[in-house]
Amino acid sequence: MEPTQNVNPSREDIDAFRQQPDDDAIIMVNLLRFNGEEGRKRYGEYAKVSGQEIAERGGRVIYSARNAVGPGVPWDSVALVYYPRREAWLSMQDSPAYQAAIEDRTAGLSARLLYAFRSPTGVQSFDDIPSNNNTEIAVVNLLRYNGDVGKAEYQQYGRVASGLINETGGEVLLHLEADYPLVSDYEWQNLILVRYPSLEALMTMVQGETWKAADRDHRQKGMAGTIALPTRQNRPR
């Protein structure tokens with residue numbers, strides 16, 4: 001699934017986002033594809049400014065990672081950014097410093113997905129996701145179901161998959177529901193972030209007969225669309 005070539009939200013989408021109830025913390029999901037190495041550098045310049053702007057509003061990056069499987073995947077990087085309220089993100093759009101940095105973001109990216117999510121249980125605070133070692137990965141799953149029946153099918157798959165994930169030594173780190181699409185070709189319904197001790201552990205799981213049966217009997221029937229991106233967390237140097 002090739003991503004949209006748009007990298008910036010439209011004024012219409014920003015205004016529509018502003019009209020949503022502002023009663024929950026927001027997690028902004030950023031999937032990024034860079035314009036080569038020079039584009040990565042330009043985006044890094046933007047990130048220096050946006051990071052300061054985010055922090056001034058009580059937000060922070062809770063997960064930052066790179067594609068863990070190499071070429072052939074549409075996305076290079078992911079960032080999950082916590083904002084205490086919708087207004088924190090919106091006020092940043094009016095900052096002169098932030099607006100000036102958008103030129104670097106636009107030049108740095110060839111594609112982007114920007115989507116707001118929130119907790120289905122009203123959680124207002126999110127912990128940073130720690131990096132335990134250099135071998136573990138986390139799969140970013142964006143999910144869209146075939147209606148209510150499809151969601152029920154996926155839930156049956158999920159009960160099997162949860163047991164298998166635990167057997168690998170993995171865990172579900174985040175389970176969020178969609179709030180609003182700001183830059184996206186599709187609407188998504190859930191974000192699930194799952195940690196595995198290694199890429200090999202994930203591959204062993206999905207090659208097993210139990211997972212294959214659950215995938216065939218439930219997951220494939222339930223899904224109208226999905227993005228599943230294995231990532232390796234960016235560790236501080």
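Preceding this paragraph is the structure being described.
The shown structure was predicted, so the numbers you read here are calculated from the model rather than taken from an experiment.

Participant: Describe the overall build of the protein, with residues and values.
Facilitator: The secondary structure content of the protein amounts to seven helices and eight strands. Its C-alpha atoms give the protein a radius of gyration of 18 Å, near enough to 18 Å, the size a compact globule of 237 residues would have. Overall, the protein is about 55 × 40 × 30 Å in size when its C-alpha atoms are taken along their principal axes. For the protein, with 237 residues in total, the buried portion stands at 47%. Contacts in the protein between residues far apart in sequence, at least 24 positions, make up 86% of those at least 6 positions apart. Side-chain charges in the protein split into 26 positive and 32 negative, and the spacing between the mean points of these groups amounts to 4 Å.

Participant: Talk me through the packing of helix α5 (residues 147-168) against helix α7 (residues 209-222); I want residue IDs and the actual numbers.
Facilitator: At a minimum axis distance of 7 Å, the contact between α5 and α7 shows a crossing angle of 160 degrees. Relative to α7, the element α5 is oriented roughly antiparallel. In this structure, α5 crosses over α7, and the sense of that crossing is left-handed. Only Thr210, Trp211, Ala214, Asp215, Asp217, His218, Arg219, Lys221 and Gly222 of α7 make contact with α5, whose side of the interface consists of Gly150, Lys151, Glu153, Tyr154, Gln156, Tyr157, Val160 and Leu164. Partitioned by chemical class, the residues of the contact of α5 with α7 number six nonpolar, five polar and six charged.

Participant: Could you give an account of helix α2 (residues 36-56), with specific residues and numbers?
Facilitator: The end-to-end C-alpha distance of α2, which contains 21 residues, comes to 30 Å, matching closely the 30 Å that a straight helix rising 1.5 Å per residue would cover. Of all the residues in α2, the buried ones are Gly39, Tyr43, Tyr46, Ser50, Glu53 and Ile54. Residues of α2 that are buried in the fold lie against β1 (26-34), β2 (60-67), β3 (77-83), α3 (86-93), α4 (96-108) and β4 (109-118). Downstream of α2 by a residue or two, Gly58 has a phi angle that is positive, lying close to 85 degrees.

Participant: Quick rundown of the sheet that holds β1? Include the residues and the values.
Facilitator: As summarised here, the arrangement of the eight strands in space is β1-β3-β2-β8-β5-β7-β6-β4, forming a closed barrel in which the pairing is antiparallel. On average, adjacent strands in this sheet sit at an angle of 35 degrees to one another, irrespective of strand direction. Where α5 meets the sheet, it contacts β5 (137-145), β6 (171-183), β7 (190-196) and β8 (223-233), and its direction lies at approximately 15 degrees from that of β7. Running at roughly 105 degrees to β8, α7 makes contact with β5 and β8 of the sheet.

Participant: Pulling in residues and values, what's your account of the nonpolar core?
Facilitator: Grouped together as the largest cluster of nonpolar side chains are 28 residues, with contacts concentrated most on Leu80 and Phe117. When contributions to this core are tallied by element, the ones reaching two or more residues are β1, β2, β3, β4, β5, β6, β7 and β8. Ranked by residues supplied to this core, first place goes to β4 with four residues. Once residues lying within four places of it in the same chain are set aside, the contact partners of Leu80 are Ile27, Met28, Val29, Arg60, Val61, Ile62, Tyr63, Leu174 and Leu193.

What counts as what
- Note on numbering: residues in each chain are counted from 1, in written sequence order.
- Since the coordinates come from a predicted model, pLDDT governs what is reported: local features require at least 70, and pairs of side-chain atoms require 80 or more to be given and counted, while whole-chain, interface and lining totals use all residues.
- The side-chain figures draw on all heavy atoms in the structure; neither hydrogens nor water molecules are used.
- By definition, any uninterrupted DSSP run of H or I lasting at least four residues is a helix, any uninterrupted run of E lasting at least two residues is a strand, and each is numbered from the N terminus.
- A radius of gyration in this sense is built from C-alpha atoms; the matching globule rule multiplies 2.2 Å by the number of residues raised to 0.38.
- Relative accessibility under 20% of the residue-type maximum defines a buried residue, over 50% an exposed one, and the middle range a partly exposed one, all with a 1.4 Å probe and only protein chains included.
- Two residues form a contact once any of their heavy atoms are found within 4.5 Å.
- Charged residues are defined narrowly, with Lys and Arg counted positive, Asp and Glu counted negative, and His plus the chain ends left uncounted.
- In this description, the location of a charge corresponds to atom NZ of lysine, CZ of arginine, CG of aspartate or CD of glutamate.
- A fitted line through C-alpha atoms represents every axis, and for helices the fit uses only the stretch in contact; the resulting angles, taken between N-to-C directions, go from 0 to 180 degrees.
- Each angle gets one of four labels, with under 35 degrees taken as roughly parallel, over 145 as roughly antiparallel, 65 to 115 as roughly perpendicular, and the rest as oblique.
- Rotating anticlockwise by less than a right angle from the far helix to the near helix defines a left-handed crossing, while the corresponding clockwise rotation defines a right-handed one.
- Each residue gets one label: Ala, Val, Leu, Ile, Met, Phe, Trp, Tyr, Cys and Pro are nonpolar, Asp, Glu, Lys and Arg are charged, and the others, such as Gly, are polar.
- The span one expects for a helix is its residue count, reduced by one, times 1.5 Å.
- Strands qualify as paired when DSSP identifies two bridges or more between them.
- Joining through side-chain atoms within 4.5 Å is the link that ties buried Ala, Val, Leu, Ile, Met, Phe, Trp, Tyr and Cys residues into a set, and such a set is a nonpolar core.

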